[in-house]
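Commentary on secondary and tertiary structure
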Amino acid sequence: MNSFYVFSGKKIKRFIYIFAAALLAAGVVYVERGNITVFSDSTPPSAIYSVPTEKKLIALTFDISWGEKRPEPILKVLEDKKVDKATFFLSSPWSKTHPEIVTSIKEAGFEIGSHGHKHVNYSTLSNEEIRTQISTAHTVLTELTGKEPNLIRMPNGDFDKRVLQVASDLGYKVIQWDTDSLDWKNIGVDNIVKRVTSKAHPGDIVLLHASDSCKQTHEALPLIIENLRSQGYEFVTVSELISQSSADGTEVRDSASLNEGLENAAGL
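The following refers to the structure shown. Note that the structure is predicted; figures quoted are calculated from it, not measured. (Residues numbered from 1 in each chain as written. Predicted model: local features only at pLDDT ≥ 70, side-chain atom pairs only at ≥ 80, totals over all residues. Heavy atoms only, no water.)

Looking at the pairing of strand β4 (residues 87-90)
Of the two faces of β4, the one carrying T87 and F89 and the one carrying F88 and L90 are both buried. Bridge count between strand β3 (residues 57-64) and β4: four bridges; the pairing is parallel. Across the sheet, D63 pairs through a bridge with F89, a residue of β4. Where the polypeptide runs from β3 across helix α2 (residues 71-80) and back to β4, its parallel neighbour, the crossover connection is right-handed. (Buried < 20%, exposed > 50% of the residue type's maximum accessible area, 1.4 Å probe, protein only. Helix = DSSP H or I, 4+ residues; strand = E, 2+ residues; numbered from the N terminus. Pairing = 2+ DSSP bridges. Right-handed = clockwise from strand over helix to strand, strands pointing away.)

Structure follows, in structure tokens:
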């Protein structure tokens, strides 16, 4: 007995549409596989933007790569406001030419992390060049502070998966930020204060600068500290913040996908 299968036109069209959609989705995944957002619990190493915690803890961080006029006023504000926990990311060429300021930061008890050597985008370098940049800065900062840094903020906040891997191989955690004060744009004291205090959240890492190009940070800082304290925040170092959580599940984003907040802070 012969059997016949009858397919309606609607069923055939539906099958074709589903098959085409599946092919398209597979193609997108293949083409964009290098730009897909990944998570640190499945694809380490990761960059840390904030730490999940219910405690009102916040880390103020300051990048320095040139100049000598801004660090002292900022250190004075921190002293006057009795903030004894913050993290400074120092570039090694600047540190070599300003050892007395490095000493002041160290003696005040603040955490010191690396801001790399040359102020260039590390994602444009070869793996060996990346390793050289991080290692050179490591040697300089270790000699100046007597302690090996294990946190690094890449120049311009730029990185890709290769940079993350090399940094991890060298024993570093890559630290980004969730709140950009935009002090490097000199947007005005009130605007800097508003950006930080309105965006702050438990486990937040705040980006500030102590380079000479940032002319309003030392004026905004007292107001930021007072406002955050009034909200119940406690200031901690980045390492102390990280200790609150393993940071598993923290989002990892390649710098190529970070359009907001990374508008080239070169020279800061």
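Once you've had a look at it, read on.
Some details on unusual backbone geometry
Unusually for a residue other than glycine, N156 sits at a positive phi of about 65°. Note that N156 resides in the loop between β6 (151-152) and α6 (161-169). Its identity as a non-glycine residue notwithstanding, L182 has a phi of 60°, on the positive side. Here L182 shows up in the loop between β8 (179-180) and α7 (189-199). Here L182 falls in the buried class, since its relative accessible area comes to 14%.

Considerations on α2
Here α2 has its buried residues at P71, I74, L75, V77 and L78. The arc that holds every buried residue of α2, seen down its axis, measures 155°, which confines them to one face. Facing away from the buried side of α2 by over 90 degrees, the exposed positions are E72 and E79. Where α2 is buried, its residues meet β3, β4, α3 (92-97), α4 (99-107), β9 (204-209) and α8 (217-230). (Arc of directions from axis to C-beta. Contact = heavy atoms within 4.5 Å.)

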